[in-house]
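Each chain, letter by letter, is given below.
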Amino acid sequence: MVTILLVTVVCLAIIFDFINGFHDAANSIATIVSTKVLTPFQAVLWAAFFNFLAYIAVRYWGFHGGNFEVANTVAKTVLIQYINIHVVLAGLIAAITWNLITWWFGIPSSSSHTLIGGFAGAGMTNALLMGANAFTAVNTKVVLTTIAYIFLAPFIGLFIAYVVTILILHLCKNARPAKAEKWFKSGQLVSSAALSFAHGGNDAQKVMGIIYVALLSQDIITTGTPMPNWIPIACYTAIALGTMSGGWKIVKTMGTKITKVTPLEGVAAESAGAITLFITENFGIPVSTTHTITGSIIGVGLTKRVSAVRWGVTINLIWAWIITIPISALLAGLAYLVVRHW
């Protein structure tokens, strides 16, 4: 039965995807804007198009085998016996709250991790109220894998970006600077498109999983039912529209404050970020696009010298990454104590 509470949850989930879009727009456009390859407006339109193209690729072109593996993983964060509509609602409230706080202060935190942390925190609180151990509510494998990739994703992006940058420098060492600059500016259009495509395929799926379990909790669908088509369409549309609205505070942090990025380095960083996301999406691992591209930007900075990276800014970002899941879980637990009576 469709209830007002269920409609509220679905609307909040789509709003979260919209916020995710403008919060994480910096991931795919920061370097292309900072190198002046595209204007900010052109960049967000470019990114939004490829965000939505990711849905078409999965649904109609058989990309990733036609499966939304990341959505399936997120849906399994909390065990089904501890999920109800109020758990989903509390998780979304916490995730939206933390995303808006970090957006306001220009902190490129992970929308993916705040959603998973919120969902897990609400489920754990429900388990406690049911008289069970809080940790029995969560799928340990999913949560531990997610936590591990807080650190692994940026290091993978860093390593790939470092290698790609060195290869490009070696291959183009005899090229004329002006001509090479033109090549790399054109190349950034391709690498930025790839990163936007990977971002859409990675991030929109997380909310799809949340909406799916909300429908399960209300017996609208049963376990094993294929995901209704309207869910991915709504989520991918929301994240694309959100991307079009930009996120300029975070763009500034990502594009200029970590290290100065040239078109060559923009190509390397965006390519490394896209490769990392394509690999993790294939295995259904819900990694952070934010963490990945940050690591990639650091990687290109390291090819110049260690001091080229502003480590003070980087350390502050890492602290934001570390606290995102526990703070989101705490906010969700508090929210659940309030909304469970609705």
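Quantities reported herein were computed from a predicted structural model and do not represent experimental measurements.

*Asks:* Can you lay out helix α10 (residues 263-282) for me, pointing to particular residues and giving the numbers?
*Replies:* Here α10 is 20 residues long and its end C-alpha atoms lie 28 Å apart, about the 28 Å a rise of 1.5 Å per residue gives. The buried count for α10 comes to 15 of 20 residues, which makes it a mostly enclosed element. G284, located one to two residues past α10, shows a positive phi value of around 70°.

*Asks:* Go over the environment of V261, please, and point to the residues and values.
*Replies:* Residue position: V261 is located in the loop between α9 (248-257) and α10. Under the relative-accessibility criterion, V261 is labelled buried at 7%. Taking the C-alpha atoms as reference points, V261 and V44, separated by 217 residues in sequence, lie 19 Å from one another.

*Asks:* Quick rundown of helix α7 (residues 177-217)? Include the residues and the values.
*Replies:* Spanning 41 residues, α7 covers 59 Å between terminal C-alpha atoms, matching the ideal 60 Å at 1.5 Å per step. Just past α7, the residue D219 takes up positive phi, approximately 60°.

*Asks:* Please give an account of unusual backbone geometry that cites residues and values.
*Replies:* Phi is positive for D219, close to 60°, though the residue is something other than glycine. Summarising the element assignment, D219 is placed in the loop between α7 and α8 (230-244). Overall, the relative accessible area of 65% leaves D219 in the exposed class.

*Asks:* Tell me about the packing of helix α2 (residues 40-61) against α7, and name the residues and values.
*Replies:* α7 packs onto α2 with a crossing angle of 55° between their chain directions and a minimal axis gap of 7 Å. Here α2 is positioned oblique relative to α7, judged by the angle of their axes. Both α2 and α7 take part in a crossing whose hand is right-handed. Here W46, A47, F50, N51, L53, A54 and A57 of α2 lie close against α7, whose contacting residues are L189, S192, A193, S196, F197, H199, G200 and G201. When grouped by side-chain class, the residues that make up the contact of α2 with α7 number 9 nonpolar, 6 polar and no charged.

*Asks:* With reference to specific residues and values, describe the packing of aromatic side chains.
*Replies:* For the structure on display, the rule yields 6 aromatic pairs. Pairing F52 with Y55 gives two aromatic rings, centres 5.9 Å apart and planes at 50°, and the pair type is tilted. Linking F52 with Y55, this pair stays in helix α2, spanning 3 residues, or about one helical turn. For F52, a relative accessible area of 27% corresponds to the partly exposed category. Plain terms: the ring middles of F197 and F278 are 6.1 Å apart, the flat faces sit at 55° to each other, and that makes the pair tilted. Linking F197 in helix α7 with F278 in helix α10, this pair joins segments that are 81 residues apart in sequence. Under the relative-accessibility criterion, F197 is labelled buried at 13%. Given the relative accessible area of 26%, F278 is considered partly exposed. Taken together, W46, F49 and F50 form an aromatic cluster joined through their ring pairs.

*Asks:* Explain the environment of C235 to me, using residue names and the numbers behind them.
*Replies:* Following the sequence through the fold, C235 ends up in helix α8. A relative accessible area of 0% places C235 in the buried class. In this structure the C-alpha to C-alpha distance between C235 and M208, which are 27 residues apart in sequence, comes to 6.6 Å. In this structure C235 touches D17, A204, V207, M208 and I211, once residues within four positions along its chain are discounted.

*Asks:* I'd love a proper account of the nonpolar core, names of residues and values included.
*Replies:* The biggest cluster of nonpolar side chains holds 56 residues, and the ones touching the most others in it are V88, L92, F119 and I211. Listing elements by their share of this core, those giving two or more residues are α1 (4-34), α2, α3 (69-75), α4 (85-104), α5 (111-129), α7, α8 and α12 (311-339). Setting aside its immediate chain neighbours within four residues, V88 contacts V9, I83, F119, I210, V213 and A214. In terms of nonpolar packing, the next biggest core, distinct from the first, is built from 22 residues, A180, L264, A274 and I285 among them.

*Asks:* Kindly report on the UniProt feature "transmembrane region" (unreviewed entry) in the protein chain, identifying the contributing residues and their values.
*Replies:* The UniProt entry lists residues 37-58, 79-101, 113-135, 147-171 and 318-339 under the feature "transmembrane region" (unreviewed entry), expressed in the numbering used here. When the span residues 37-58 is considered, its composition is 86% helix and 0% strand, and the gap between its end C-alpha atoms is 29 Å.

*Asks:* Give me the state of the cysteines: which residues, what numbers.
*Replies:* All chains considered together, the criterion is met by 0 disulfides. This cysteine, C11, is not joined by any disulfide, and C235 carries the nearest cysteine sulfur, 12 Å off.

Criteria and thresholds
- Residues numbered from 1 in each chain as written.
- Predicted model: local features only at pLDDT ≥ 70, side-chain atom pairs only at ≥ 80, totals over all residues.
- Heavy atoms only, no water.
- Helix = DSSP H or I, 4+ residues; strand = E, 2+ residues; numbered from the N terminus.
- Expected span 1.5 Å × (residues − 1).
- Buried < 20%, exposed > 50% of the residue type's maximum accessible area, 1.4 Å probe, protein only.
- Axes fitted to C-alpha atoms, helices over the stretch in contact; angles between N-to-C directions.
- Parallel < 35°, antiparallel > 145°, perpendicular 65-115°, else oblique.
- Left-handed = near helix turned anticlockwise from the far one by under 90°.
- Contact = heavy atoms within 4.5 Å.
- Nonpolar A, V, L, I, M, F, W, Y, C, P; charged D, E, K, R; others polar.
- Phe/Tyr/Trp six-rings, centres within 6.5 Å; stacked < 30°, edge-to-face > 60°.
- Core = buried A, V, L, I, M, F, W, Y, C linked by side-chain atoms within 4.5 Å.
- UniProt positions renumbered as here; feature names shortened; annotations may be inferred.
- Disulfide = S-S within 2.5 Å.

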